[in-house]
Each structure stands twice: as structure tokens, then as C-alpha cells.
Amino acid sequence: QVQLVESGGGSVQPGGSLRLSCAGSGANLAYYMVAWFRQAPGKEREGLACISGTDTSSVYTDSVKGRFTISRDKAKNTVYLQMNNLKPDETAYYYCAARAGVLTDCAVKEYLYGYWGQGTQVTVSS
């Protein structure tokens, strides 16, 4: 099994940027599909992006496409989410999640992921 710990959240002004980190332990994240989700109070959990276990494919939901980038650092066993031009309605708790298996593709579907981090708060306000 893999354990996931998110970091990098905090407060940022509208239009600002943050880079979230998802650090894996207990297993090599190179063998996992990894995704980022967020959930704001009163709203359902929303998938944002995923990266395949082979690190050859990534998928983004339309609302973040062009602004967010998911990537890996294999040496650090960490997956990142670079978030640019953040909007106030993107204030939420952000989670990373993982699915075992080395596949060439991924999907931003909550039911696919069995391993979840504790999350990190992102607040976008002026």
C-alpha cells in the first residue's frame, strides 16, 4: 500500500499561483495512477487532473485546462499540481489520490482511486 501526504496549500490572491505536492511513502508512485481532486463546502468532490502510471499521459477537467499542470518527480516519489491564475471559487480542500497499476492512460473519476491523502486547504481571496 501507499501513503499519500499533501502539502503546499495556503492562501493566495485571485490570479496567483500555488504548487501542491503529493508525497508518496510505502510504495513507489511510479507504479500508480495519481489524480488531484478538490471539495468546497456544500459542493461535491471535483476531479481536476490525473497522470498515468507510465508518466506518458495526463488528463485535465475543462475548468482547469490550460491553468493547471500535473507532473512527477520520480526521484522524490512526489506528484505535483501547479495551479496558475487561481479564482476565488476555487477555494477548497485539495486531495491527491492513487490507483495501483502501471497503465498508459488515466481518468479523473473518483471511484477509480482507492488511496487518498488527508488533503490541504487552498484559499483564494483578496
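Just so you know, these numbers come straight off a predicted model, no measurement behind them.

**A closer look at empty space enclosed by the protein**
Here is step 1: As enumerated under the stated definition, the model contains one cavity of 30 Å³ or more in all.
Here is step 2: Every residue lining the largest cavity is listed: Asn28, Leu29, Ala30, Arg72, Asp73, Lys74, Asn77, Thr78 and Val79.
Here is step 3: For the lining of the largest cavity, the secondary structure elements donating two or more residues are β7 (68-73) and β8 (78-83).
Here is step 4: Its residues placed into classes, the lining of the largest cavity shows three nonpolar, three polar and three charged.

**Some words on the packing of aromatic side chains**
Here is step 1: This structure, assessed with the given rule, holds five aromatic pairs.
Here is step 2: Both rings, one in Phe37 and one in Tyr113, keep their centres 5.7 Å apart while their planes meet at 75 degrees; by these two values the pair is edge-to-face. One end of the pair, Phe37, is in strand β4 (residues 32-39); the other, Tyr113, is in the loop between β9 (92-100) and β10 (115-116), and 76 residues separate them in sequence. For the pair shown, Phe37 and Tyr113 are each scored as buried.
Here is step 3: Ring plane angle 40 degrees and centroid distance 5.0 Å describe the contact between Phe37 and Trp116, whose orientation is recorded as tilted.

**Considering the nonpolar core**
Here is step 1: Formed by 28 residues in total, the largest nonpolar core has its most connected members in Trp36, Ile70, Val79, Leu81 and Met83.
Here is step 2: Every element with two or more residues in this core is listed here: β3 (18-25), β4, β5 (46-51), β7, β8, β9 and β11 (120-124).
Here is step 3: Looking at which element gives the most residues to this core, the answer is β9, with four residues.
Here is step 4: The next biggest cluster of nonpolar side chains, apart from the first, holds nine residues, and it includes Ala35, Ala97, Cys106 and Leu112.

**Focus on unusual backbone geometry**
Here is step 1: In this structure, Asn77 is a non-glycine residue whose phi angle is positive, near 50 degrees.
Here is step 2: Along the chain, the position of Asn77 falls in the loop between β7 and β8.
Here is step 3: The class for Asn77 is buried, based on a relative accessible area of 16%.
Here is step 4: One non-glycine residue, Asn85, adopts positive backbone phi at about 50 degrees.
Here is step 5: With respect to the secondary-structure elements, Asn85 resides in the loop between β8 and β9.
Here is step 6: Look at Asn85 and you get partly exposed, because its relative accessible area is 39%.

**As for the pattern of salt bridges**
Here is step 1: Applying the stated rule across the entire model yields five salt bridges.
Here is step 2: With a shortest N-O distance of 2.4 Å, Glu110 and Arg45 are connected by a salt bridge. Of this pair, Glu110 sits in the loop between β9 and β10 while Arg45 sits in the loop between β4 and β5, and the two are 65 residues apart along the sequence.
Here is step 3: Its relative accessible area of 35% is what places Glu110 among the partly exposed residues.

Parameters and conventions
Residues numbered from 1 in each chain as written. Predicted model: local features only at pLDDT ≥ 70, side-chain atom pairs only at ≥ 80, totals over all residues. Heavy atoms only, no water. 1 Å grid on protein atoms, 1.4 Å probe; cavity = no way out; pocket = protein on both sides within 12 Å on 5 of 7 lines; lining within 4 Å. Points joined across faces, edges and corners; volume = space filled by probe spheres on them. Helix = DSSP H or I, 4+ residues; strand = E, 2+ residues; numbered from the N terminus. Nonpolar A, V, L, I, M, F, W, Y, C, P; charged D, E, K, R; others polar. Phe/Tyr/Trp six-rings, centres within 6.5 Å; stacked < 30°, edge-to-face > 60°. Buried < 20%, exposed > 50% of the residue type's maximum accessible area, 1.4 Å probe, protein only. Core = buried A, V, L, I, M, F, W, Y, C linked by side-chain atoms within 4.5 Å. Salt bridge = Lys/Arg side-chain N within 4 Å of Asp/Glu carboxyl O.

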